[in-house]
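Chain and residue survey
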Amino acid sequence: MTAAHGPVVVMGVSGSGKSTVGAALAQRLRVPFADADDFHPAANIAKMSAGHPLDDDDRRPWLEAIGQWLAEHDDGGVMSCSALKRSYRDQLRRHCPDVGFLHLSGTPEVIGRRQASRPGHFMPASLLQSQFDILEPLGPDERGVAIDVDQNIDSIIDDYVTLTGLEK
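In the nomenclature of an unreviewed UniProt entry, the protein chain is known as Gluconokinase of Mycolicibacterium grossiae. Taken from UniProt, the Sequence similarities (unreviewed entry) comment for the protein chain reads in full: "Belongs to the gluconokinase GntK/GntV family." Taken verbatim from the UniProt record of the protein chain, the Catalytic activity (unreviewed entry) comment is "D-gluconate + ATP = 6-phospho-D-gluconate + ADP + H(+)".

Some points on the pairing of strand 5 (residues 144-148)
By the alternation rule, side chains of strand 5 split into Val145 and Ile147, which are all buried, and Gly144, Ala146 and Asp148, of which none is buried. Inspection of the sheet shows strand 4 (residues 100-105) paired to strand 5 by 5 bridges, in the parallel sense. Bridge pairing links Phe101 to Gly144 in strand 5.

Observations concerning the sheet that holds strand 4
Here we have 5 strands laid out as an open sheet, ordered 2-3-1-4-5, and parallel in their pairing. Because the sheet does not close on itself, it has two edges, and the strands there are strand 2 (33-35) and strand 5. If you compare each strand with its neighbour and ignore which way they point, the axes differ by 20 degrees on average. The pairing of strand 2 with strand 3 (residues 78-80) spans 3 bridges and is classified as parallel. Looking across to strand 3, one finds that Phe33 is bridged to Val78.

So, the environment of Pro53
Its place among the elements puts Pro53 in the loop between helix 2 (42-49) and helix 3 (56-72). Relative accessible area serves as the criterion here: at 39%, Pro53 is assigned to the partly exposed category. Between the alpha carbons of Pro53 and Ser130 there is a distance of 7.1 Å; along the sequence they are 77 residues apart.

Points about helix 1 (residues 18-29)
Over its 12 residues, helix 1 runs 16 Å from end to end, which matches the ideal 16 Å to within 8%, given 1.5 Å per residue. Where helix 1 is concerned, the buried positions are Lys18, Val21, Gly22, Leu25, Ala26 and Leu29. The arc enclosing the buried residues of helix 1, seen along the axis, measures out at 135 degrees, which places them on a common side. Following helix 1 by one or two positions, Arg30 adopts a phi angle in the positive range, close to 60 degrees.

What counts and how
Residues numbered from 1 in each chain as written. Predicted model: local features only at pLDDT ≥ 70, side-chain atom pairs only at ≥ 80, totals over all residues. Heavy atoms only, no water. UniProt positions renumbered as here; feature names shortened; annotations may be inferred. Buried < 20%, exposed > 50% of the residue type's maximum accessible area, 1.4 Å probe, protein only. Helix = DSSP H or I, 4+ residues; strand = E, 2+ residues; numbered from the N terminus. Pairing = 2+ DSSP bridges. Axes fitted to C-alpha atoms, helices over the stretch in contact; angles between N-to-C directions. Expected span 1.5 Å × (residues − 1). Arc of directions from axis to C-beta.

Take a look at the structure:
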């Protein structure tokens, strides 16, 4: 199947599986994949590595770069990006109005276990609660779906393509 839709942002807190699910979804849809972590300036990575959460000023240029990638892939692509706040998603939609979202949702306990299984990531587990604190789930007027991460990757992708009508 090839993409007949806009790009998809696989969103959620750190450790929810955005990169893994995003890469698998892109492969399934046969579209390009990008990981938002690769768009962070060095200063953002240094700040997070030191245990400090990013603020909106830190995120603004990062989101602009991601929005530009989405606009360049408006005929289909998958981006993994936390997109925790509505305002961040709005910033991405300004670049690419047709973007859809797959919110990988889970409890702090489930996400914490997943995060603990990936040592060496620049986002320390100590910042997980700060991500849950700012998380704004998708609104009813936002194009996207939330899927529980406490299942295997194939099931998450199957649910997504079924719920969004990408495969009939």
